[in-house]
Amino acid sequence: MCGIVGYIGKQQAYPILIKGLQRLEYRGYDSAGIALINNDKLNVYKAKGKVAELIQFAEQKDIQGTIGIAHTRWATHGEPNQVNAHPHYSQSEELAIIHNGIIENYAVLKEGLKEQGYTFSSETDTEVLIQLIEYVKKTNKVDLSTAVQLALNQVVGAYAIAVIEKSEPDVIVAARKGSPLVVGIGEDEYFLASDATPIIEFTDKVVYIGEEEIVTLRRGMEIKIVTISNIEKTPEINKLEMTLSQLEKGGYPHFMIKEIFEQPKTLSDSMRGRVNVEENNITLSGFIDNKEKFLNAKRIIITACGTSWHAGLIGKYAIEEFARIPVEVEYSSEFRYRKPVIHKDDIVIPISQSGETADTLAAVELAKSQGAFIFGICNVVGASIPRNTDSGCYTHAGPEIGVASTKAFTAQVTVLTMLALIIGKEKGTLSEEQYLKITHQLGLIPEKINHILKQNDSIAQFAKTFTYAQNFIYLGRGYNFPVALEGALKLKEISYIHAEGYPAAEMKHGPIALITQEMPVVVIAPNVGMYEKVVSNIQEIKARKGKIISIVTEGDIVVANLSDYSISIPETEECLVPLLAAIPLQLMAYHIAVVKGCDVDQPRNLAKSVTVE
Ligand code: G6P
């Protein structure tokens, strides 16, 4: 959370930094700020709220400078106001810093600095860090990069920081531990950011800064990297694969709806080069390279957060059914702290869209330290989690900007399904006939999603009926229980309506008490799996006058007749239903939120990339 951007070069920094902040706003939008050096002055401008507020505030100022740093905040220490907004000055106002992360020992450091006469204007941990850097710099009489290095040796916590100094208008010093940091290399100019999205329109050459590394960007000089323990590193230049159009709304009113509509393409991209539609065959290089490990695995542990955790649950159903390997699905935040039993022959699969979620990253480190084999499923290429795994599979959904995850979810489910099928086939726990049939059906999913998307207008129409609701229940069984959880999460994230996902049969053990004629109940009821049992569950709701919204297989009139509203999805294999059923639930949540006037792409209090625990 929090997005950081920096620029040093020949262009005016302000427009580059502002555009960069807008690209990174998905990481937090409690406040925004910018610092530039111009004519021997280090100016800081900041505003509470979104980047748009900062632009308004800055409009009245004369903002010049070819070096600058900027920040968009998701508040951790200190409420979201202007004083706590970044950048923060040091006491002398000689230095300014931006920071993404948490300095855990800030209280102790602050006490020490107070004893040295330092005073603090904000409640943030970040201000403590910049005061510490200034103190170290002055007492040791060292340059900025050495001061940053010495100061970071005293710091416990996570950070991606960038620091500038009034008397050094040709240098930005940045560092990272636990939070992401990318440097873009242009011609006589450098960019830095939390991810590559602010950089892509200027250069496709990037260096991913590693853990505990400090990078010095000096005008007209080569990029220099040292670790905090003073080991020099050679920068490794990577080429970005992302395109600019992927980062724009392309005529849609919100990124979320654009991303929902992209799913036929993103799922084809996830399968490209992996699913051979002519031969109904799957090839996953991550599996081939580690075939023995998968075939001999006694257990798989999936670790993830949020929507990725829901995808993991669907993966569990598929892997257990086809590959007959026991799978545990863990919330990363619980797994990392609860002293789990991890064996050397376990395969641990972290799932993460961003590849930066702090808890999932820590879960990976824990599992690695216990000798498990780590196979990552991530979307953002080059992010921290894929860089820390032994092997893995990218989801190739392209940049996801809407805070509520949509296309990343279906891509994760697709990759997990491919993995389950291929292990099952190779192990012999899945018959050749079943393998061919399901793989064939998987190849048809993108076209079937296209078909579902045609119902967008009618979903938008009936969604209006439900803006009154204070609560929703989502029900599903088998593969569709996690879909119910995901549908409920989508609704609560963006429309602020309380929603609960439940296994349909569990309803009788509590939630049924909530059913009144006011309560909308969404039931995922395809004509596969436990269809009849779900029909009985629907009857139970109907008997208590609940409003039923059902997801049914095309042609099903039984459930459709029992429902107040029903949305149909094409027929498919049971394990593939989640890929189709998720789509109307995403659309319904989107339209309810739009009618309610909610900020769909940037829901309150949330951030897309959770780099703090
Ligand atoms: C945040 C996002 C969710 C996401 C979760 C896990 O809560 O808002 O959309 O599912 O983090 O993120 P990851 O990047 O690890 O998938």
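Residue positions are given per chain, counting from 1 as you read along its sequence in written order. The model is predicted, so local features are restricted to residues of pLDDT at least 70 and side-chain atom pairs to those at 80 or more, both for listing and for counting; the totals for chains, interfaces and linings are taken over all residues. The basis for the side-chain values is all heavy atoms of the structure; hydrogens and waters are excluded.

**Q** Would you take a moment to explain the pairing of strand β25 (residues 520-525) for this structure?
**A** One face of the sheet, then the other: side chains in a regular strand alternate in exactly this way. Only protein chains enter the accessibility calculation, which uses a 1.4 Å probe; a residue is then buried when its area is under 20% of its type maximum, exposed when over 50%, and partly exposed in between. Helix and strand definitions follow DSSP, with helices as H or I runs of at least four residues and strands as E runs of at least two, each counted in order from the N terminus. With six of six residues buried, β25 is to be regarded as a mostly interior element. Alternating positions in β25 separate into two faces, Pro-520, Val-522 and Ile-524 on one and Val-521, Val-523 and Ala-525 on the other, with burial throughout. Of the strand pairs in this sheet, strand β23 (residues 471-476) and β25 are connected by three bridges, and their pairing is parallel. Each residue of the ladder has a partner; that of Ile-473, found in β25, is Val-521. Between any two strands, pairing holds if DSSP finds at least two bridges.

**Q** How should I be thinking about helix α7 (residues 263-271) in this particular structure?
**A** Residues spaced three or four apart along an α-helix point in a common direction, a consequence of the helix completing one turn every 3.6 residues. With seven of nine residues buried, α7 lies mostly within the body of the structure. Turning to α7, its buried residues number three or more, namely Gln-263, Pro-264, Thr-266, Leu-267, Asp-269, Ser-270 and Met-271. Contacts are residue-level and defined by heavy atoms, with any inter-residue pair within 4.5 Å sufficient. Of the surrounding elements, those touching the buried residues of α7 are α6 (255-261), β16 (275-276), α14 (407-427), α15 (432-453) and α20 (577-595). Just past α7, the residue Gly-273 takes up positive phi, approximately 75°.

**Q** Please clarify how the domain arrangement of the protein chain should be interpreted in this entry.
**A** When the parts of a complex come together, some accessible area is lost, and that lost area is often used as the size of the interface. Boundary definitions for the domains trace back to an automatic or database domain assignment. The domain architecture assigned to the protein chain consists of domain 1 (3-240), domain 2 (249-453) and domain 3 (454-597). Here the C-alpha centroids of domain 1 and domain 3 sit 45 Å apart.

**Q** Even after reading the chapter, I still don't get the site of the ligand, so can you show me in this structure?
**A** For each residue, the test is whether any non-hydrogen atom lies within 4 Å of the molecule or strand; if one does, the residue is near. Taken together, 14 residues are adjacent to the ligand, and Ser-308, Ser-352, Gln-353, Ser-354 and Thr-357 come closest. The contact in question runs from an oxygen atom of the ligand to an N or O atom on the side chain of Ser-308, over 2.5 Å. Between N or O atoms, a polar contact is any pair within 3.5 Å; within protein, one atom must be a potential hydrogen donor and the other a potential acceptor, and residues adjacent in sequence are included only when both atoms are from side chains. Separating an oxygen atom of the ligand from a backbone N or O atom of Val-403 is a distance of 3.4 Å. Protein contact buries 90% of the 390 Å² of open area that the ligand shows by itself. Among the elements that line the shell around the ligand, the one with the most residues is helix α10 (residues 306-323), at three residues. Polar here means any residue other than Ala, Val, Leu, Ile, Met, Phe, Trp, Tyr, Cys and Pro, which are nonpolar, and Asp, Glu, Lys and Arg, which are charged; Gly is therefore polar. Its residues assigned to classes, the shell around the ligand comprises four nonpolar, eight polar and two charged. Per-residue and other accessible areas were derived by the Shrake-Rupley procedure at a 1.4 Å probe size, with only the shown protein chains allowed to occlude residues.

**Q** Any chance you could explain the environment of Lys-239 here in plain terms?
**A** Structurally, Lys-239 is set in strand β15 (residues 238-239). A relative accessible area of 60% means that Lys-239 is categorised as exposed. Expressed as a C-alpha distance, the spacing of Lys-239 and Val-559, which sit 320 residues apart in the sequence, is 51 Å.

**Q** Quick question: what am I supposed to make of the packing of aromatic side chains here?
**A** Where two aromatic rings form a pair, the distance of their centres and the angle of their planes describe that pair. The aromatic pairing rule takes the rings of Phe, Tyr and Trp, using the six-membered ring of Trp, and pairs them if the centres are within 6.5 Å, calling planes under 30 degrees apart stacked, those over 60 edge-to-face and the rest tilted. Scanning the entire structure with this criterion turns up 15 aromatic pairs. Between Phe-287 and Phe-294, the ring centres sit 5.6 Å apart and the planes meet at 40°, which makes this aromatic pair tilted. Since its relative accessible area comes to 2%, Phe-287 is described here as buried. Relative to Tyr-468, the ring of Phe-466 lies with its centre 6.3 Å away and its plane at 35°, an arrangement referred to as tilted. Looking at Tyr-468, the relative accessible area reads 35%, which means it is partly exposed. The criterion for a charge sitting over a ring is simple: Lys NZ or Arg CZ within 6 Å of the ring centre, and within 35 degrees of the ring normal. Sitting over the face of the ring of Tyr-29, Lys-50 holds its NZ or CZ atom 5.0 Å from the ring centroid. The lysine or arginine in question, Lys-293, covers the ring of Phe-373, its NZ or CZ lying 5.1 Å from the ring centre.

**Q** Mind showing me how you'd approach the sheet that holds strand β6 (residues 95-103) here?
**A** One key point about sheets: their strands pair by backbone hydrogen bonds, in either a parallel or an antiparallel sense. Ordered in space as β5-β6-β7-β8-β12-β13-β14, the seven strands form an open sheet in which the pairing is antiparallel. The open sheet is flanked by β5 (88-89) and β14 (232-233), the only strands paired with a single partner. Alignment of strand β13 (residues 224-227) against β14, held across two bridges, turns out to be antiparallel. Bridge pairing in β14 places Val-226 opposite Glu-232. Strand contacts of helix α5 (residues 144-152): β6, β7 (157-165), β8 (168-177), β12 (213-218) and β13, with the helix running at about 160° to β7, the strand carrying the most contacts. For every element, the axis is a line fit to its C-alpha atoms; helices are fit only across the contacting stretch, and the angle between N-to-C directions ranges from 0 to 180 degrees.

**Q** What is the right way to look at the side chain of Gln-586 in this model?
**A** Within the fold, Gln-586 resides in helix α20. If we skip the residues at most four places from it in the chain, Gln-586 touches Met-256, Ile-260, Gln-263, Thr-406 and Thr-410.

**Q** What's the story with the pairing of strand β27 (residues 565-569) in this structure? I'm lost.
**A** In this structure, strand β26 (residues 547-553) lies alongside β27, joined through five bridges in parallel fashion. Pairing of Val-552 across the sheet is with Ser-568, part of β27. With its strands directed away from the observer, a crossover is right-handed exactly when the path from the first strand over the helix to the second travels clockwise. In terms of handedness, the path from β26 via helix α19 (residues 557-562) over to β27 forms a crossover that is right-handed.

**Q** Sorry, what's going on with the packing of helix α4 (residues 125-140) against α5 here?
**A** What describes two packed helices is the angle between their axes and the distance between those same axes. Between α4 and α5, whose axes approach to 8 Å, the crossing angle comes to 115°. Judged by the twist between their axes, the crossing of α4 over α5 is right-handed. Only Leu-144, Ala-147, Val-148, Leu-150, Ala-151 and Leu-152 of α5 make contact with α4, whose side of the interface consists of Leu-129, Leu-132, Ile-133, Val-136, Lys-137 and Asn-140. Here the residues of the contact of α4 with α5 are counted per class, giving ten nonpolar, one polar and one charged. In this scheme the handedness of a crossing depends on how the near helix is turned from the far one: anticlockwise by less than a right angle means left-handed, clockwise means right-handed.

**Q** Can you help me understand the packing of helix α3 (residues 106-115) against α4 in this one?
**A** Between α3 and α4, whose axes approach to 9 Å, the crossing angle comes to 45°. Our classification of the angle between α3 and α4 gives oblique. Relative to α4, α3 is oriented so that their crossing is left-handed. Each of Tyr-106, Leu-109, Lys-110 and Leu-113 in α3 lies in contact with α4, whose residues at this interface are Asp-125, Val-128, Gln-131, Leu-132 and Tyr-135. Counted by class, the contact of α3 with α4 contains six nonpolar, one polar and two charged residues. The scheme is simple: roughly parallel for angles under 35 degrees, roughly antiparallel for over 145, roughly perpendicular for 65 to 115, oblique for anything else.

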